[in-house]
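The chain contents come next:
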Amino acid sequence: MVTLNDVAKRAGVSKTTVSRMLNKDPSLSITTATKERIWSAVKELGYQHKRTCSAVSGYQIAIIHKESHYQNQLDNALYFAIRYGMESMCHLEQITPAFIPFSMLKSLPGNLDGIIINGNFQAAQIEEILGAAKGIPAVVVGRSNPAPELLDWVTFDVRETVWTALDHLSEKGYKRILYIGGRDLEGTPVWQKKIYHYHTYIREHTDLLHIGEMEGDYGVQSGYRMMCGWLDARKEIPDAIFVSHDPIAAGVIQALSEYGIAVPENTAVIGVNGDSICRLTAPPLTSVSIHAEEMGREAVITLTERICNRQAVTKKVMFHTTLALGQST
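First, a word on what this report is: a plain description of the structure on this page. (Residues numbered from 1 in each chain as written. Predicted model: local features only at pLDDT ≥ 70, side-chain atom pairs only at ≥ 80, totals over all residues. Heavy atoms only, no water.)

Considering the packing of helix α2 (residues 15-22) against helix α3 (residues 32-45)
Packing of α2 against α3 brings their axes to within 11 Å, and their N-to-C directions diverge by 90°. Classed by the angle they form, the pair α2 and α3 counts as roughly perpendicular. In contact with T17, V18, M21 and L22 of α2, α3 contributes K35, I38, W39 and V42. Its residues placed into classes, the contact of α2 with α3 shows six nonpolar, one polar and one charged. (Axes fitted to C-alpha atoms, helices over the stretch in contact; angles between N-to-C directions. Helix = DSSP H or I, 4+ residues; strand = E, 2+ residues; numbered from the N terminus. Parallel < 35°, antiparallel > 145°, perpendicular 65-115°, else oblique. Contact = heavy atoms within 4.5 Å. Nonpolar A, V, L, I, M, F, W, Y, C, P; charged D, E, K, R; others polar.)

As structure tokens, then:
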């Protein structure tokens, strides 16, 4: 087992200096070159540091995300909301966050206390992230976690999300339902897929009739293209459309408007996420909120608990979802 003495010997400094630097002692005065030698020794030897946690201020963490997450706010409002939650909690606790795209893993700073994996990644990508993180605490925030036995996880109840939406459509008297959604990553467990819970609900509720489904890319333009394709094929107009994500639903509403199909008079539309884009559609979109901002805050809280070794076992925090009524149903 690697000790502080081993790190100190490799870096050519005292054990006390190593300990004070790793615990971010504000009164410690050493050169940048010395700090780099210590961090290099920590990495090379694989030293696992258990930091003193009388306070969480001063932590430095990285948030790993996909390149596309912060390029277009309309298509990625969910991730902007999660980010706002993380940033607000970091500001409150005086934690320094760095947002790093997956493609730049090699640029991870060497003095991180922990990482948050934001979004749905495949198992091989998670392994790559953990390899780059070199054993520091990590938390996943998102619908999918390929390694729940290893990583703390902040998520939402996928089944409840779908059933809340369909319960609402059923209570409103809609019968013939069309499903439009984003295509899941390869390897996503079936119970994490919205379309799986959609079909389960339909099978168990004979008052609803499934008339078709389409899956494609995520985003407003994808929803627009899929809806136009359905209408161009002159397929029947559903009583209601369940859409797996709000940006896709916004594109669906745009297409329906261009084809002269009134929402909700001719067909209703309901989305998922509770994104800010719901307020920008005409009419405003009814959605099932997964409380993304609160998930972001909880991810930071969970990570600090893991850094401080306050948890003996891996945990999963699951948010309940709520119906956010607009005027599209």
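Looking at the environment of E44
Inspection of the secondary structure puts E44 in helix α3. A distance of 2.7 Å separates polar atoms of two side chains, one belonging to E44 and the other to R10. (Polar contact = N/O pair within 3.5 Å; in protein donor to acceptor, adjacent residues only side chain to side chain.)

Let's talk about the packing of aromatic side chains
A complete count under the given rule lists eight aromatic pairs for this structure. Judged by centre distance (6.0 Å) and plane angle (85°), the rings of Y70 and F99 are edge-to-face. Residue Y70 is located in the loop between β1 (60-65) and α4 (77-93), and its partner F99 is located in strand β2 (residues 96-101); the two are separated by 29 residues in the primary sequence. Residue Y70 is classed as buried on the basis of its relative accessible area of 16%. Taken together, the aromatic side chains of Y70, F80 and F99 make up a single cluster linked through ring pairs. Cation over ring: R83 sits above F99, and NZ or CZ is 3.7 Å from the ring centre. The ring of W163 is capped by R159, whose NZ or CZ atom sits 3.8 Å from the centre of that ring. (Phe/Tyr/Trp six-rings, centres within 6.5 Å; stacked < 30°, edge-to-face > 60°. Buried < 20%, exposed > 50% of the residue type's maximum accessible area, 1.4 Å probe, protein only. Lys NZ or Arg CZ within 6 Å of the ring centre and 35° of its normal.)

What to know about the sheet that holds strand β9 (residues 268-273)
Read across the sheet, six strands follow the order β7-β6-β8-β9-β10-β12 without closing on themselves; strand pairing throughout is mixed. In the strand order of this sheet, the two ends are held by β7 (209-216) and β12 (322-324), each with one partner. Within this sheet the neighbouring strands show an average axis-to-axis angle of 20°, counted without direction. As defined by bridge partners, strand β10 (residues 286-289) adjoins β12 across three bridges and the pair is classed as antiparallel. By the bridge assignment for β12, S287 is matched with A324. Against the sheet, helix α7 (residues 194-204) touches β6 (176-182), β7, β8 (240-243) and β9, its axis set at about 175° to β7. The sheet strands contacting helix α9 (residues 246-258) are β6, β8, β9 and β10, and the helix crosses β9 at an angle near 160°. (Pairing = 2+ DSSP bridges.)

Looking at the sheet that holds strand β11 (residues 316-319)
Spatially, six strands are ordered β2-β1-β3-β4-β5-β11 in an open sheet, and the strand pairing comes out parallel. Looking at the sheet topology across the chains shown, the edges are occupied by β2 and β11. Put simply, the sheet's adjacent strands are angled 20° from each other on average, direction ignored. Relative to strand β5 (residues 152-156), strand β4 (residues 138-141) is paired through three bridges, and the arrangement is parallel. Counterpart to V140 in the pairing with β5 is W153. Sheet contacts for helix α5 (residues 123-133): β1, β3 (114-118) and β4; angle to β3, the most-contacted strand, approximately 165°.

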